[in-house]
Amino acid sequence: SKPRTAPAVEAFFSVTMSTLATELEELKAEIQKLRVENSRLREKAGEPEEKDENEMVVDPITVQGNIDYDKLITKFGTSEIDEKLVKRFEKLTGRKAHAWLRRGLFYSHREFDFILDLYEKKKPFYLYTGRGPSSASLHMGHLIPFMFTQYLQEVFNVPLVIQLTDDEKFFWKDKSLSEYHRLAFENAKDIIAVGFDVTKTFIFTDLDYIKYLYPNVCKIQKCVTGNTINGIFGFGLEAHCGKFSYPAIQAAPSFSNCFPHIFGSRVDVPCLIPCAIDQDPYFRMTRDVAPRLGYLKPALIHSKFFPALQGATSKMSSSNQNSAIFLTDTPKQIKDKVNKYAFSGGGETLEEHKKNGGNPEIDVRSSN
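Residues numbered from 1 in each chain as written. Predicted model: local features only at pLDDT ≥ 70, side-chain atom pairs only at ≥ 80, totals over all residues. Heavy atoms only, no water.

### Details of the packing of aromatic side chains
By convention here, two paired aromatic rings are described through the distance between centres and the angle between planes.
Then, number 1: One pass over the structure, following the stated rule, counts 27 aromatic pairs.
Then, number 2: Taken together, a centroid distance of 5.8 Å and an interplanar angle of 15° make the contact between Y209 and F259 stacked. One end of the pair, Y209, is in helix 9 (residues 206–223); the other, F259, is in the loop between helix 11 (241–251) and helix 12 (260–263), with 50 residues separating them in the sequence. Residues Y209 and F259 agree in their burial class; the two are buried.
Then, number 3: The rings of F89, F106, F112, Y119, F125, F148, Y151 and F156 are connected pair by pair, giving a single aromatic cluster. (Phe/Tyr/Trp six-rings, centres within 6.5 Å; stacked < 30°, edge-to-face > 60°. Helix = DSSP H or I, 4+ residues; strand = E, 2+ residues; numbered from the N terminus. Buried < 20%, exposed > 50% of the residue type's maximum accessible area, 1.4 Å probe, protein only.)

### Re a positive patch on the surface
Then, number 1: On the surface, a cluster of positive charge is made up of K87, K96, R102 and R103.
Then, number 2: Tracing the chain through its elements places R102 in helix 4 (residues 99–102). (Patch = residues over 30% accessible without salt bridge, like charges linked within 9 Å, V, L, I, M, F, W, Y side chains within 5 Å. Areas by Shrake-Rupley, 256 points an atom, 1.4 Å probe, with all protein chains shown as cover. Salt bridge = Lys/Arg side-chain N within 4 Å of Asp/Glu carboxyl O. Lys, Arg positive; Asp, Glu negative; His and termini not counted. Charge placed at Lys NZ, Arg CZ, Asp CG, Glu CD.)

### Remarks on the sheet that holds strand 5 (residues 126–131)
Then, number 1: Taking strand neighbours across the sheet as the criterion, the 7 strands line up as 3-4-9-8-5-6-7 in an open arrangement whose pairing is mixed. The open sheet has two edge strands with one neighbour each: strand 3 (79–80) and strand 7 (201–205).
Then, number 2: Relative to strand 8 (residues 271–276), strand 5 runs parallel, the two sharing 2 bridges. Among the inter-strand pairings, L127 is bridged to a residue of strand 8, identified as L272.
Then, number 3: Together, strand 5, strand 6 (160–164) and strand 7 form the strand contacts of helix 8 (residues 177–192), whose direction differs from that of strand 7 by roughly 160°. (Pairing = 2+ DSSP bridges. Contact = heavy atoms within 4.5 Å. Axes fitted to C-alpha atoms, helices over the stretch in contact; angles between N-to-C directions.)

### Let's talk about the nonpolar core
Then, number 1: Of all hydrophobic cores here, the largest spans 36 residues; its most connected members are Y126, Y128, L213, I220, F259, I273 and M285.
Then, number 2: Of all the secondary-structure elements, those providing two or more residues to this core are strand 5, helix 9, helix 10 (226–233), helix 11, strand 8 and helix 13 (280–293).
Then, number 3: With near-sequence residues (within four places) excluded, M285 lies in contact with I220, V224, I229, I232, P247, A248 and A251.
Then, number 4: Counting 34 residues, the second largest nonpolar core, distinct from the first, contains F89, L143, V155 and I301. (Core = buried A, V, L, I, M, F, W, Y, C linked by side-chain atoms within 4.5 Å.)

### Details of the environment of Y126
Then, number 1: Counting through the fold element by element, Y126 comes out in strand 5.
Then, number 2: With 147 residues separating them in the primary sequence, Y126 and I273 have C-alpha atoms 8.7 Å apart.

### Topic: the pairing of strand 6
Then, number 1: Counting buried positions along strand 6 yields 5 of 5 residues, so the element is predominantly enclosed.
Then, number 2: The alternating pattern of strand 6 places L160, I162 and L164 and V161 and Q163 on opposite faces, both of which are buried.
Then, number 3: In this sheet, strand 6 lies alongside strand 5 in parallel orientation, the contact comprising 5 bridges. What sits directly across from R131, in strand 6, is L164.
Then, number 4: Each parallel crossover has a hand, and for strand 5 linked through helix 6 (residues 140–156) to strand 6 it is right-handed.
Then, number 5: Judged from the 5 bridges that link them, strand 6 and strand 7 form a sheet pairing that is parallel. By the bridge assignment, L160 is partnered in strand 7 with T201. (Right-handed = clockwise from strand over helix to strand, strands pointing away.)

### What to know about the pairing of strand 9 (residues 299–303)
Then, number 1: For strand 9, the buried fraction is high: 5 of the 5 residues fall into the buried class.
Then, number 2: The side-chain alternation of strand 9 yields two buried faces, one formed by A299, I301 and S303 and the other by L300 and H302.
Then, number 3: Pairing of strand 4 (residues 106–110) with strand 9, which is carried by 4 bridges, proceeds in the antiparallel orientation. The partner of H109 across the bridge, within strand 9, is I301.
Then, number 4: Inspection of the sheet shows strand 8 paired to strand 9 by 5 bridges, in the parallel sense. Bridge pairing in strand 9 places L272 opposite A299.
Then, number 5: Read from strand 8 through helix 13 to strand 9, the crossover connection turns out right-handed.

### What to know about unusual backbone geometry
Then, number 1: A positive phi angle is found at E111, which is not glycine, with a value near 60°.
Then, number 2: Look at E111 and you get partly exposed, because its relative accessible area is 32%.
Then, number 3: Of note, the phi angle at N157 is positive, near 60°, even though the residue is not glycine.
Then, number 4: Here N157 shows up in the loop between helix 6 and strand 6.

What follows is the structure, given as structure tokens:
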């Protein structure tokens with residue numbers, strides 16, 4: 001018969017394996033912290049990461065390459081939205097989690113658990129999201145954060161502020177400032193149609209509302225060096241100063257005293273920002289600055305990108321009219337775009353497609 005292992009030996013190995021597993025998890029966490037810190041030091045030194053066309057690049061200015069969302073969590077130092085967090089959301093709110101939350105379209109966060117703590121304690125917070133008006137109409141990808149934010153507002157029953165960054169688009173694009181201001185109002189029509197609570201929603205353009213943002217903009221700008229901005233966004237010294245100054249304008253609505261008609265002079269009302277993952281660098285900067293100003297850090301919940309028609313690893317963009325389905329497109333325009341530009345996981349010929357079938361894991365086209 002086989003010799004029996006002494007109970008003491010079994011206990012020893014059990015404890016040893018448990019200890020090793022714990023140490024391994026701690027080591028992984030430490031490696032992630034070092035990666036995040038390395039990225040932060042590069043930013044402060046004004047050393048943006050090199051942008052190789054063949055590699056993944058995700059920042060507020062550029063999205064390219066095959067997107068690895070797990071790597072973005074590591075790179076940005078965010079937290080994954082796990083099943084435990086989703087279950088807690090459902091338990092506290094008494095509502096079924098949105099399908100996009102259950103299925104991982106919104107997959108990453110910064111202190112969403114803190115927001116749930118506030119909700120549980122019946123303490124105030126607000127929602128903040130936005131849009132850069134680069135075209136006369138939103139496309140389907142733009143709807144993702146707005147539709148999800150509308151759901152969160154309904155569930156939490158809290159105020160919402162929506163920033164339309166007409167100034168930002170003027171800094172980065174080629175139209176006139178007045179044209180981007182006009183486009184902001186056109187975009188507001190699409191946003192209103194999502195169905196927000198009109199009694200708890202404030203939509204503003206930067207050009208119109210800057211008077212109330214500017215005190216905090218100044219405070220933020222004084223805390224952030226040019227090296228840090230260059231490290232985060234990679235503008236280079238040849239960029240005009242508008243690009244260096246703008247991030248503070250997007251950061252400012254994270255602080256409640258920017259909205260005296262809603263919160264008065266209170267600085268103790270935090271916000272939750274639903275946005276695509278590429279916007280995180282703005283608010284990583286904001287979270288670094290907040291404690292120095294005596295403010296609370298904003299919390300974030302990040303979505304993945306809505307794919308372009310050309311493939312699931314790409315991002316729908318207003319810059320490429322053929323990559324996107326716009327809300328103003330006619331049924332014929334939509335049909336033509338899908339038939340002409342949409343990526344298909346089928347065969348290159350009808351015969352090959354009939355023989356092997358399609359690949360629904362990557363197919364953007366409808367099977368109908």
